[in-house]
Amino acid sequence: MSVQLAIFDCDGTLVDSQANICKAMEMAYAAEGLGHPDHHLVRRIVGLSLVEAMRVMLPEADPGFHVVLADHYKNAFHELRGNGTLQHEPLYDGLPELLDRLDAAGWLLAVATGKSDRGLDLCLTHHGIRQRFVSLQTADRHPSKPHPSMIYQALADAGAEPVHAVMIGDTSYDMAMGVAANVRPIGVDWGYHDSHELESAGAASIAFDMDQLFDQITGSRT
């Protein structure tokens, strides 16, 4: 029987992490005296690797400065984590039940995220769901989305073929990555890009709640 694999983005798909992302970006900007970043733009770059995200935030800056700013961002997260001021990053409502239903239906689960290995491990462990996933792919070991490298590795880890896999995410980067890897992209509307952007980037369907998402993953695609 064919292996079926559901690959999830993390920020904006599994967890609502925008408060911490915006705060860390504020701290990164402050470290270089840049003033206050546009939170709307910050939410739009969620999912990209850090250096690529900084390039989008400050396209006129020198590439070396993007690396410096990315380091400030990582340091800001470490500081927030160390002093206990990280905001709670809640799972979206119904997410644990969705994972239960997919497991019962015989699906394997993976994550492909712009988070670091450390950040993803802490997030999933905190919510008690790390053991659910057979493959955890992060920006530490891959090019930025929408490059399909993370999906290719998740498929290899699970022993799944693209035709039997789906990529679930909240941004156009996730959808474009799914298209590039030849897996079915499914968008969710509770994250950081709107439905029209997801469709334009190649989403085969858009889920507006966890029940719809289950149906779309498992085949009804309503």
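Presented here is an overview of the structure given in this document.

## Remarks on the sheet that holds strand 4 (residues 165-169)
One open sheet holds the six strands; their spatial order is 3-2-1-4-5-6, and the pairing between them is parallel. In this open sheet, the two edge strands, each paired with only one partner strand, are strand 3 (135-137) and strand 6 (205-207). Across the sheet, the axes of successive neighbouring strands diverge by a mean angle of 25°, strand direction being ignored. The strands touched by helix 5 (residues 95-104) are strand 1 (4-8) and strand 2 (107-112); relative to strand 2, the strand with the most contacts, the crossing angle is about 135°. Along the sheet, helix 7 (residues 149-158) makes contact with strand 1, strand 2, strand 3 and strand 4, crossing strand 3 at roughly 165°.

## Description of helix 1 (residues 18-31)
Counted at 1.5 Å a residue, the expected span for helix 1 with its 14 residues is 20 Å, and the 20 Å between its end C-alpha atoms agrees. Residues of helix 1 that are buried: Asn20, Ile21, Cys22, Ala24, Met25, Glu26, Met27, Ala28 and Tyr29. Residues of helix 1 that are buried make contact with helix 2 (39-44), helix 3 (50-57) and helix 4 (63-82).

## Observations concerning the side chain of Thr171
For Thr171, the position within the fold is in the loop between strand 4 and helix 8 (172-181). Within polar-contact distance, the side chain of Thr171 engages the side chain of Asp174 at 3.0 Å. With residues near it in sequence (within four places) discarded, Thr171 still touches Val46, His193 and Leu198.

## Some thoughts on the packing of aromatic side chains
According to the stated counting rule, one finds two aromatic pairs in the structure shown. With centroids separated by 5.4 Å and ring planes inclined at 50°, the aromatic side chains of Tyr73 and Phe77 adopt a geometry described as tilted. Of this pair, Tyr73 and Phe77 both sit in helix 4, four residues apart, which is roughly one turn of the helix. Comparing Tyr73 with Phe77 shows no difference in burial state: the two are buried. The cationic tip of Arg101 hangs over the ring face of Phe214; the distance from NZ or CZ to the ring centre is 3.9 Å.

About the thresholds
Residues numbered from 1 in each chain as written. Predicted model: local features only at pLDDT ≥ 70, side-chain atom pairs only at ≥ 80, totals over all residues. Heavy atoms only, no water. Pairing = 2+ DSSP bridges. Helix = DSSP H or I, 4+ residues; strand = E, 2+ residues; numbered from the N terminus. Axes fitted to C-alpha atoms, helices over the stretch in contact; angles between N-to-C directions. Contact = heavy atoms within 4.5 Å. Expected span 1.5 Å × (residues − 1). Buried < 20%, exposed > 50% of the residue type's maximum accessible area, 1.4 Å probe, protein only. Polar contact = N/O pair within 3.5 Å; in protein donor to acceptor, adjacent residues only side chain to side chain. Phe/Tyr/Trp six-rings, centres within 6.5 Å; stacked < 30°, edge-to-face > 60°. Lys NZ or Arg CZ within 6 Å of the ring centre and 35° of its normal.

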